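One-letter residues, chain by chain:
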Amino acid sequence: MTPPSLSERARAGLAATDMDDPPYLAPLNPPQREAVLTTEGPVLMLAGAGTGKTRALTTRLAHLIATGRAGPGDILAVTFTNKAAREMKERIGELIGEAVEGMRWLGTFHSIGAQILRIHAEIVGLKSSFTIIDTDDQIRLCKQVIAAEGLDEKRWTGRGFAGLLDDWKNRGLTPGEVPADEAHKFGDGRAIKLYRAYQERLISLNAADFGDLLVHNLTIFRKAPDVLARYHRRFRYILVDEYQDTNIAQYLWLRLLARDAEGKSGGNICVVGDDDQSIYGWRGAEVANILRFEKDFPGAKVIRLEQNYRSTPSILAAASAIIDHNSNRLGKTLWTDVPDGPKVKLRGVWDADEEARQVTDDIEAEQTKGRRLSDMAVLVRASFQMRSFEERFNTAGIPYRVVGGPRFYEREETRDALAYLRLVRNPDDDLSFTRIINKPRRGFGDKAVQTLNIAAREMRVSLTEAGRRLLETDEMRGKARTSLARFLEQLRQWQAMAETTPPSELSETVLEESGYTDFWRNQKTIQSAGKLENLKELTRAAGEFDTLEGYLDHVSLVAERPAESSDGEVWLMTLHAAKGLEYPVVFLPGWEEEIFPSGRSVNENGQDGLEEERRLAYVGITRAREDCRISFAANRQVYGRWQSALPSRFIDELPEEHVEVMSEPGLYGVKAKEMPAYSRFDQVAASDGGYDTPGWKRARSSRPRNPAPAIDGSSRLIASSVGGTSPFKTGERVFHQKFGYGEVKGADGNKLDVAFEKAGQKKVIASFLIAADEV
DNA sequence: GCGTGGGAAATTTTT
DNA sequence: TTTCCCACGC
């Protein structure tokens, strides 16, 4: 480890007495050290996968505080997820101890945005007690606005409009700033009018959605330069993690905070990221932000962390070869000094079930060799691909854990349970009231809710209060009346109970007495056991808090699944969920055109979409430490239809010398000569020295050059090679690799109706069949 | 007020 | 194929 050079010391402003390296610098390599010591001016830290980014970044913050350059409260440090913020805090704490508690501006964009908004809420017409609504509520609100505008609610869905709102808010646009020509995007040209109505409704509810947390900040900073100046003075140092994932609103927010009053880029802003790992373009992230950083902040120092501490040379070579095919890159070359391990393994299989079987076999083999299950992960492109793995793991008795999916606090049963608790704490919470008043069914249906709503609006009180008053008159009758009376009485009891009972016990009682637990107990669905389990978990989590308030505040701030122990379980997750994680053994199944790269991404976003998919491939491979196994299937069921699939183009981009082809001979079991279309797969799968056979190359080159229509690429290829007519006659006896023997019943182009002896009648592609007498 | 059947849709996901 | 949503009928 070289000591800092004179110029580095000068630049970092190190006084002579600081010359002895503080111990925390010792574990750093030269670029990491530079990233820590270059405290002044704009810095772009380009940190490749596995290069010790977090270490550099946390040391930098610790260094700022330890050397007295900034107090803990003078640093703005933003991340995207609560998890990242928590980890950063922990690791800084390891370096500087208690002082980390003073870092009140370390958090997610949204939590910091919310903090600032609470202080200056009145500037945008909110009270500082505003509530933050989640996506679910946002969609409900959208529906209301669409209905109020008298639009066709089938054609114009709440979800669709919420998506457009997100898009605008990601771009930092208020209703007045949306370009007029975007009004046509929704609701017969009334999109902007709807946006305005939606915002007005939010203000009257004293609420903000996630996007508002930042957009309102922008408005505040622009409207009140004195407020901005205050934050500008306060945040002497700014640090941004995962900068490649920032959207326009976040970019504008940072720029306002980082530039000085004259608009010059004098701020001490350090952004950390990896343009090659930008995989959130579809939710508004702009890779352009990181690509443009040096222009935005002239004089920016660019520091590249390229020494990888995670993976073997083969794995790095595979990842680098793929990402090299992208054009818009800042460019980095990962290297490592660890000895090489096994080559990246590539395997072609028949279908998804076969793929799952092979992966499971591999996992079991590794396990016998003494590898822990939790050291292995299966990373898929889309969650529907998980099904075959879950099924296979279950039959094989391999414990596994799915990461991601609906988060704990977003699940239906959790939200319902929380609505009950919220209502106990605050009877005026109308959103919660509406959510659970008839769940479980207690005979208080839509009609009754509507009556109650009208009454509440007339009396200008909450629904609970309106209910109480209605019971004093005879406006509400029959079943609804009894039901409401009973519910309000229960609510009263629970409130009284809340005074003296700890949250976990209260939660259990409320869920039991309200009939909510029974509601799920009586449902005979497969999921109900899991739901009950979640409810139990909720109660358990409440046990960690002394007060109901404390618990509920925690929940609305951190919408995460509680951490679960994971030893002895294989990991199963999407590539997106795997970002930032690493495993000794990584399986990457489903590398087929249309799946990965996702056909939709490529179709909708063309070259940009394809490059993002390629970054996803890069992220996937770089998760592996020792062993990376890629596979693809020749057939896949899409929405219940069997389709043939071509291996992903990314497979062609792998470096042959670092890849071992593992497909077993005869896997495809069909005579190549007789099946021209099929032969390509056969040759791909053949273990005759590589996947780059002439037939394979032919197949690739005959694929349409334009990536956009690739959706039909596979089937068109098959269809044309078969010449449009089936080589089989009706009544002919045929054999199918998967379904066995059968008789042709009819044909539609190259798709045949075949009655199989074992598998029943199915539609299959002609090229997957051979005449029975040839077997 | 509640249950059911037909029809449309079907990635990736944090706050 | 599955899943979700809504309209319709009891």
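Everything quoted here is computed from the prediction, not taken from an experiment.

Criteria and thresholds
Residues numbered from 1 in each chain as written. Chains lettered and ligands numbered in written order. Predicted model: local features only at pLDDT ≥ 70, side-chain atom pairs only at ≥ 80, totals over all residues. Heavy atoms only, no water. UniProt positions renumbered as here; feature names shortened; annotations may be inferred. Helix = DSSP H or I, 4+ residues; strand = E, 2+ residues; numbered from the N terminus. Contact = heavy atoms within 4.5 Å. 1 Å grid on protein atoms, 1.4 Å probe; cavity = no way out; pocket = protein on both sides within 12 Å on 5 of 7 lines; lining within 4 Å. Points joined across faces, edges and corners; volume = space filled by probe spheres on them. Nonpolar A, V, L, I, M, F, W, Y, C, P; charged D, E, K, R; others polar. Near = heavy atom within 4 Å. Phe/Tyr/Trp six-rings, centres within 6.5 Å; stacked < 30°, edge-to-face > 60°. Buried < 20%, exposed > 50% of the residue type's maximum accessible area, 1.4 Å probe, protein only. Pairing = 2+ DSSP bridges. Right-handed = clockwise from strand over helix to strand, strands pointing away. Domains from an automatic or database assignment. Salt bridge = Lys/Arg side-chain N within 4 Å of Asp/Glu carboxyl O. Axes fitted to C-alpha atoms, helices over the stretch in contact; angles between N-to-C directions. Parallel < 35°, antiparallel > 145°, perpendicular 65-115°, else oblique. Left-handed = near helix turned anticlockwise from the far one by under 90°. Polar contact = N/O pair within 3.5 Å; in protein donor to acceptor, adjacent residues only side chain to side chain.

## A word on the UniProt feature "binding site: ATP" (unreviewed entry) in chain A
When the UniProt feature table is mapped onto this chain numbering, "binding site: ATP" (unreviewed entry) sits at Ala47, Gly48, Ala49, Gly50, Thr51, Gly52, Lys53 and Thr54. Along the chain, Ala47 turns up in strand E1 (residues 43-47). Once residues within four sequence positions are removed from consideration, Ala47 is found in contact with Lys53, Val272, Gly273, Asp274, Gln277, Leu305 and Lys332. Locating Gly50 in the fold gives a position in the loop between E1 and helix H3 (53-66). Beyond its immediate chain neighbours, meaning those up to four positions away, Gly50 contacts Gln307, Asn308, Tyr309 and Arg310.

## Let's talk about empty space enclosed by the protein
All told, the structure shown has 5 cavities of 30 Å³ or more when counted by the stated rule. What the largest cavity holds in volume is close to 90 Å³. Taken together, 14 residues make up the lining of the largest cavity; nearest its centre are Arg347, Asp362, Arg629, Ile630 and Ser631. The element that contributes the greatest number of residues to the lining of the largest cavity is helix H15 (residues 352-368), accounting for 4 residues. When grouped by side-chain class, the residues that make up the lining of the largest cavity number 7 nonpolar, 2 polar and 5 charged.

## Details of the protein's contact with DNA strand C
Close contacts around DNA strand C come from Lys154, Tyr639 and Gly640, and that covers them all. In DNA strand C, the atoms that sit within 4 Å of the protein are 36% sugar and phosphate, with bases accounting for the remainder.

## Some details on the packing of aromatic side chains
Taken as a whole, this structure holds 24 aromatic pairs when the rule is applied. Seen in terms of ring centroids, Tyr420 and Tyr516 are 5.9 Å apart; in terms of plane orientation they differ by 55°. Their pairing is tilted. Taken together, the residues span a long stretch of sequence, with Tyr420 in helix H17 (residues 412-425) and Tyr516 in helix H23 (residues 516-521) at a distance of 96 residues. Across this residue pair, the class does not change: Tyr420 and Tyr516 are buried. Summarising the aromatic geometry, the rings of Phe487 and Trp494 are spaced 6.4 Å apart at their centres and angled 80° between planes, so their arrangement reads as edge-to-face. We note that Phe487, like Trp494, is buried.

## Overview of the pairing of strand E14 (residues 624-633)
Counting buried positions along E14 yields 8 of 10 residues, so the element is predominantly enclosed. When strand E9 (residues 344-349) meets E14, the two strands line up parallel, connected through 5 bridges. When the bridges of E14 are listed, Lys345 appears paired with Arg629. Sheet topology note: the strand E13 (residues 583-588)/E14 ladder contains 5 bridges and is parallel. What sits directly across from Tyr583, in E14, is Ala624. After leaving E13, the chain enters helix H27 (residues 599-621) and then returns to the sheet as E14, a path that is right-handed.

## Some thoughts on the domain arrangement of chain A
Annotation of chain A at the domain level lists domain 1 (6-105 + 235-305), domain 2 (116-216) and domain 3 (409-557). Relative to domain 3, the C-alpha centre of domain 1 lies at a distance of 45 Å.

## Side note on the pattern of salt bridges
Tallied over the entire structure, the rule returns 48 salt bridges. Salt-bridge contacts for Asp212 lead to Lys169; the nearest nitrogen and oxygen are separated by 2.7 Å. One end of the pair, Asp212, is in helix H9 (residues 210-223); the other, Lys169, is in helix H7 (residues 158-170), and 43 residues separate them in sequence. Each member of the pair Asp212 and Lys169 is classed as buried. Between Glu366 and Arg629 there is a salt bridge, with its nearest N and O atoms 3.1 Å apart. Here Glu366, found in helix H15, pairs with Arg629, found in strand E14; they are 263 residues apart in sequence, far enough to count as distant. Neither Glu366 nor Arg629 differs from the other in exposure class; each is buried. In this structure, a network of salt bridges that share partners links the residues Lys345, Arg347, Asp362, Glu366, Lys369, Arg371, Glu626, Asp627 and Arg629.

## Quick word on the packing of H15 against helix H16 (residues 386-396)
Where H15 contacts H16, the two axes come as close as 9 Å, and the packing angle between them is 50°. Here H16 runs oblique to H15, going by the angle between their axes. Between H15 and H16 lies a crossing of right-handed hand. Contacts between H15 and H16 pair Ala352, Asp353, Glu355, Ala356, Arg357, Val359, Thr360, Ile363 and Glu364 from the former with Ser388, Phe389, Arg392, Phe393 and Ala396 from the latter. Class assignment for the residues of the contact of H15 with H16 results in 7 nonpolar, 2 polar and 5 charged.

## Quick look at the side chain of Asn217
Structurally, Asn217 is set in helix H9. From its side chain, Asn217 meets the backbone oxygen of Leu213 in a polar contact 2.6 Å long. Those residues in contact with Asn217 that lie beyond four places of it in its chain are Gly113, Ile116, Leu117, Asp212 and Trp253.

## Observations concerning the sheet that holds strand E7 (residues 268-273)
Taking strand neighbours across the sheet as the criterion, the 6 strands line up as E3-E2-E6-E7-E1-E8 in an open arrangement whose pairing is parallel. The sheet terminates laterally at strand E3 (106-108) and strand E8 (301-305), the two strands that pair on one side only. Averaged over all adjacent pairs, the angle separating strand axes in this sheet is 15°, with direction ignored. Across 5 bridges, E1 lies against E8 in parallel orientation. Residue pairing across strands places Met45 opposite Ile303, the latter belonging to E8. Contacting E1 and E8, helix H2 (residues 30-37) crosses the sheet at an angle of about 145° to E8.

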